[in-house]
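The primary structure of each chain is shown beneath.
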Amino acid sequence: MKLTVIGCGRWGTFLAWYLDRLGHTVTLYGRESSARMQRLMQERKNDLLTLPERMRLTTSLAEAAEAETIVISIGSQNLQGLMDQLASRGVQGKTFVLCMKGLEAGTGRRLSEIVRSTLNTSNRVAVWLGPGHVQEFTAGVPNCMVIDSSDPALKEELAEAFAGDLIRFYYGEDLLGNEIGAAAKNVIGIAAGMLDGLSLTTLKGALMSRGTREIARLIAAMGGNELSAYGLCHLGDYEATVFSRHSQNRRFGEVFVRGEAYDKLAEGYYTVRALIKLGAEYGVELPICQAVYDILFEGRDPRSALDALFKRERKRELK
């Protein structure tokens, strides 16, 4: 394939490195104003990997949009702006692969919805989701991930083209459920980090079981398959999000309750706003998400909010 990866953060840069390693012709795009892109242009490396000389690097969006397949890994709240730029260029007949886990904070829209509502119908869209950290992949540690799309043929095409010794792909069967589940696991990751920061790590078992059920109910109410919450998009990603020292969402939650600064992207911070909106819209109670929201945006004391969460009225397990 002739591919462009849009996004020069640690994940986007890894994707470019990985896809090149599989033999695809890859261009990596980043904004000219990005310090990370400037370093890559000058040194062809970041703190985690080195890019081969054969890979083209560009700060021209017009050049990036020439590829037949465009893989996107940017902050989810910036996707609409990117799509507006691409729509103004009249892009047609492209395949967009979204390697991002988030929801539009103000509207609750899924990322595939943003692409489909902005670009014309000649363009195809898929999502690439699931567990994995760059630090582990570049150390040779493999993992399993998911490709999903409303286009069955596209799923098979991408899963075959992107599979390698580091990543095995499964076909998703529920685009809505996989997108909601993947986005929501970051909120659970923030909650897990808060437990770590308060020395309440032993409560992660309850957090995981209840969190999965909470998101399953939302997926079902929205018209998806609630079992998607138990797959790689959500529960299957907990190890990488709830426990890993590499998890930015977990780390953000931990430093937040300790009153420390954090300068990296934690998508769950924006996603929780969208989930609270969706919960109200679909009439689904989301107690974990609500607790995280109250702590982050309403100034509620983290210990009292989490204490109240785990001391809710007795219920049968998973009800």
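See the structure printed just above.
Definitions and cut-offs
- Residues numbered from 1 in each chain as written.
- Predicted model: local features only at pLDDT ≥ 70, side-chain atom pairs only at ≥ 80, totals over all residues.
- Heavy atoms only, no water.
- Phe/Tyr/Trp six-rings, centres within 6.5 Å; stacked < 30°, edge-to-face > 60°.
- Helix = DSSP H or I, 4+ residues; strand = E, 2+ residues; numbered from the N terminus.
- Buried < 20%, exposed > 50% of the residue type's maximum accessible area, 1.4 Å probe, protein only.
- Pairing = 2+ DSSP bridges.
- Right-handed = clockwise from strand over helix to strand, strands pointing away.
- Disulfide = S-S within 2.5 Å.

1. A look at the packing of aromatic side chains
We describe a pair of aromatic rings using the distance from one ring centre to the other and the angle between the two ring planes. Applying the stated criterion across every chain, the model contains 14 aromatic pairs. Centroid distance Trp11 to Phe137: 6.2 Å. Interplanar angle 40°. Geometry classified as tilted. Pair noted here: Trp11 is in helix H1 (residues 10–21) and Phe137 is in helix H6 (residues 134–137), with a separation of 126 residues, a long-range link. Across the pair, exposure class does not vary: Trp11 and Phe137 are buried alike. An angle of 5° between the planes, with centres 5.1 Å apart, marks the rings of Phe14 and Phe137 as stacked. With a gap of 123 residues between them, Phe14 in helix H1 and Phe137 in helix H6 connect regions that are remote in the sequence. Note on accessibility: Phe14 and Phe137 belong to one class, buried. Through pairs of rings, three or more aromatic residues link up here, namely Trp11, Phe14, Trp17, Tyr18, Trp128, Phe137, Phe162 and Phe169.

2. Some words on the pairing of strand S5 (residues 95–98)
Side chains Thr95 and Val97 of S5 all project onto a buried face; the interleaved residues Phe96 and Leu98 project onto the opposite face, where all are buried too. One ladder, built from four bridges, connects strand S4 (residues 69–72) with S5; its direction is parallel. By the bridge assignment, Ile72 is partnered in S5 with Leu98. The parallel pair S4 and S5 is bridged by helix H4 (residues 79–88), and the resulting crossover is right-handed. Pairing of S5 with strand S6 (residues 124–129), which is carried by four bridges, proceeds in the parallel orientation. By the bridge assignment for S6, Leu98 is matched with Val127. For the crossover that starts at S5, traverses helix H5 (residues 111–118) and ends in the parallel S6, the hand is right-handed.

3. Examining unusual backbone geometry
Outside of glycine, negative phi angles account for most residues, and trans bonds account for most peptide bonds. A positive phi angle, near 60°, is found at Arg44, a position not held by glycine. Assignment of secondary structure puts Arg44 in the loop between helix H2 (35–43) and strand S3 (56–58).

4. Points about the state of the cysteines
Applying the stated criterion across every chain yields a total of zero disulfides. With no disulfide of its own, Cys8 lies 15 Å from the sulfur of Cys99, the closest cysteine sulfur. Overall, the relative accessible area of 8% leaves Cys8 in the buried class. Its sulfur unpaired, Cys233 is 14 Å from the next cysteine sulfur, which belongs to Cys289. We classify Cys233 as buried; its relative accessible area is 1%.

Keep in mind that these numbers describe shape and distance, not what the molecule does.
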